[in-house]
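Here's the letter readout for the chains.
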Amino acid sequence: MPMPARPRLLLLPAALLLASAGSRAAANTDIEQQEAQAYARSGTALLYRESHWRYRQDGGARRLVLYRCPDGRAFARKTVIERSRAQAPDFDFEDARDGYREGVRSGPRGRVVYVRTDTAARQKERALAVPDDGVIDAGFDASVRLHWTALRAGRGVTQPFLLPSRMAFMPVRLTPDASVSWNGIPAKRLTMRLDRWYGFVAPTMQLTYADADQRLLEFAGIATIRDGAGKHQDVRIVFPKPAMASDARALQTALATPLVTTCAG
């Protein structure tokens, strides 16, 4: 039997993680902010930080994520706009260090997925047909909540998950593992992997959710964020505290924060 092509890395955003908010966002008081830290999966070295904002605009949920160097300077930004199905939002991610960009946008002719590998590369685009149960980027978090009852009962869930680098959906299996205590918080651990017979050679990811409110506590696996050599990092991202109330000024500052091209120096 011929061997299959090596599967692409299965990358999950940390926010399970927006157009410019403008003046309407400034008037919105329903704004939450949350911090996360990304460590080497097998160690304690801090690789980068994440700052998340969640708010509503034009009747829909939105999210902003700033990816920061260990010293706090922002080097990448993700914006997320919820669509009719929360598990399949539009999003745009850009890393200023090398110009990598990916996302999904909606328009009069439907939805489009796009990828740019670096600043010098031409952006590739393709029309995107989203399956009824398709999951896109941070919509994974909404999908977990949608299937929480089944997962708590020990039943796994398979859904098509968009891999922007391939401009296609791949079947991903989410399997419930043991109940755990995460820093004293009763939690459920989930394993995520490609649902293909050759999935055993692809990286697996573990996610830990709080039992009480299905809040993501920790993600462990291959992240979208790469190191200085352009290699995707194997990380452990922790969300030590729940989201806290924020304000429009902090949100506007985050939306306008310039991105640095290197974390060095």
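A.B. asks: Looking at this structure, how should I read the packing of aromatic side chains?
C.D. replies: The geometry of an aromatic ring pair is captured by two quantities: the separation of the ring centres and the angle between the planes. A complete count under the given rule lists 5 aromatic pairs for this structure. Ring centres of Phe93 and Tyr100 lie 6.5 Å apart, and the angle between their planes is 55°; on these two criteria the pair is classed as tilted. Comparing Phe93 with Tyr100, the two get one shared label, buried. In this structure an aromatic cluster arises from ring pairing among Tyr67, Phe93 and Tyr100. Lying over the aromatic face of Tyr100, Arg226 brings its terminal NZ or CZ to 4.4 Å of the ring centre.

A.B. asks: So what exactly am I meant to see when it comes to the state of the cysteines here?
C.D. replies: Covalent bonding between the sulfur atoms of two cysteines defines a disulfide. Enumeration over the complete set of coordinates arrives at 1 disulfide. Linked covalently through their sulfurs, Cys69 and Cys263 form a disulfide whose S-S length is 2.1 Å. Taking the torsion about the sulfur-sulfur bond, which here is approximately -80°, the covalent link between Cys69 and Cys263 counts as left-handed. Here the residue Cys69 occupies a position in the loop between strand E3 (60-68) and strand E4 (74-81), and Cys263 occupies one in the segment after helix H4 (248-256), the gap between them amounting to 194 residues.

A.B. asks: It is not clear to me how H4 should be interpreted in this structure. Could you clarify?
C.D. replies: An α-helical turn contains 3.6 residues, so a residue and the one three or four places further along point in the same direction. For H4, every residue scored as buried is listed here: Ala248, Leu251 and Ala254. The buried side chains of H4 occupy one side of the element, clustering within an arc of 125° when seen end-on. Away from its buried face by more than 90 degrees, H4 exposes Arg249 and Ala256. A side-chain oxygen of the first residue of H4 lies 3.3 Å from the backbone nitrogen of Arg249; this N-cap is Asp247.

A.B. asks: Help me understand the layout of surface pockets in this model?
C.D. replies: Unoccupied space between atoms shows up once a probe the size of one water molecule is rolled over them. Space inside the second largest pocket adds up to approximately 230 Å³. Considering the residues around the second largest pocket, the lining is formed by 15 residues, among which Arg97, Arg226, Asp227, Gly228 and Cys263 are closest to the centre. Partitioned by chemical class, the residues of the lining of the second largest pocket number 6 nonpolar, 5 polar and 4 charged.

A.B. asks: Please explain the nonpolar core as it appears in this structure.
C.D. replies: Inside soluble globular proteins, nonpolar side chains tend to come together where they are buried. In terms of nonpolar packing, the biggest core is built from 47 residues, with Tyr48, Ile136 and Phe140 touching the most fellow members. Once you skip the residues sitting within four places of it in the chain, Tyr48 turns out to touch Gln37, Ala38, Tyr67, Arg68, Pro70, Phe75, Ala223, Ile225, Gln233, Val235 and Ile237. Counting 9 residues, the second largest nonpolar core, distinct from the first, contains Ile31, Trp53, Leu251 and Ala254.

A.B. asks: What is the right way to read unusual backbone geometry from this model?
C.D. replies: Note: most residues except glycine have negative phi, and most peptide bonds are trans. In this structure, Asp137 is a non-glycine residue whose phi angle is positive, near 45°. Secondary-structure assignment places Asp137 in the loop between strand E8 (124-128) and helix H2 (139-146). Phi is positive for Asn183, which is not a glycine, with a value near 50°. Among the secondary structure elements, Asn183 is positioned in the loop between strand E10 (168-182) and strand E11 (185-194). Accessibility expressed as a relative area gives 67% for Asn183, which makes it exposed.

A.B. asks: I would appreciate a short explanation of empty space enclosed by the protein in the present structure.
C.D. replies: Considered as a void within the structure, the second largest cavity measures approximately 90 Å³ in volume. Mapped onto the lining of the second largest cavity, the elements with two or more residues apiece are H2, strand E9 (157-163) and E10. Looking at side-chain class alone, the lining of the second largest cavity contains 8 nonpolar, 3 polar and 1 charged residues.

A.B. asks: Looking at this model, I keep getting lost on the environment of Asp132. Mind explaining?
C.D. replies: Within the secondary structure, Asp132 is located in the loop between E8 and H2. Note on Asp132: relative accessible area 69%, which makes it exposed. Each residue touching Asp132, except ones within four places of it in the same chain, is listed here: Arg85 and Gln87.

A.B. asks: Got a minute to help me understand the pairing of strand E13 (residues 216-226) in this structure?
C.D. replies: Side-chain positions along a regular strand alternate between the two faces of the sheet. Where burial is concerned, most of E13 is hidden: 11 out of the 11 residues are buried. Sheet topology note: the strand E12 (residues 205-210)/E13 ladder contains 4 bridges and is antiparallel. Note on E13: the bridge partner recorded for Leu207 is Phe219. Counted along the chain from E12 to the antiparallel partner E13, the turn is 5 residues long, and its residue Gln214 has a positive phi close to 55°. Inspection of the sheet shows E13 paired to strand E14 (residues 232-238) by 6 bridges, in the antiparallel sense. Within E14, the position partnered with Ala220 by the bridge is Arg236.

The rules we used
Residues numbered from 1 in each chain as written. Predicted model: local features only at pLDDT ≥ 70, side-chain atom pairs only at ≥ 80, totals over all residues. Heavy atoms only, no water. Phe/Tyr/Trp six-rings, centres within 6.5 Å; stacked < 30°, edge-to-face > 60°. Buried < 20%, exposed > 50% of the residue type's maximum accessible area, 1.4 Å probe, protein only. Lys NZ or Arg CZ within 6 Å of the ring centre and 35° of its normal. Disulfide = S-S within 2.5 Å. Helix = DSSP H or I, 4+ residues; strand = E, 2+ residues; numbered from the N terminus. Arc of directions from axis to C-beta. Polar contact = N/O pair within 3.5 Å; in protein donor to acceptor, adjacent residues only side chain to side chain. 1 Å grid on protein atoms, 1.4 Å probe; cavity = no way out; pocket = protein on both sides within 12 Å on 5 of 7 lines; lining within 4 Å. Points joined across faces, edges and corners; volume = space filled by probe spheres on them. Nonpolar A, V, L, I, M, F, W, Y, C, P; charged D, E, K, R; others polar. Core = buried A, V, L, I, M, F, W, Y, C linked by side-chain atoms within 4.5 Å. Contact = heavy atoms within 4.5 Å. Pairing = 2+ DSSP bridges.

These figures come from the coordinates and say nothing about function on their own.
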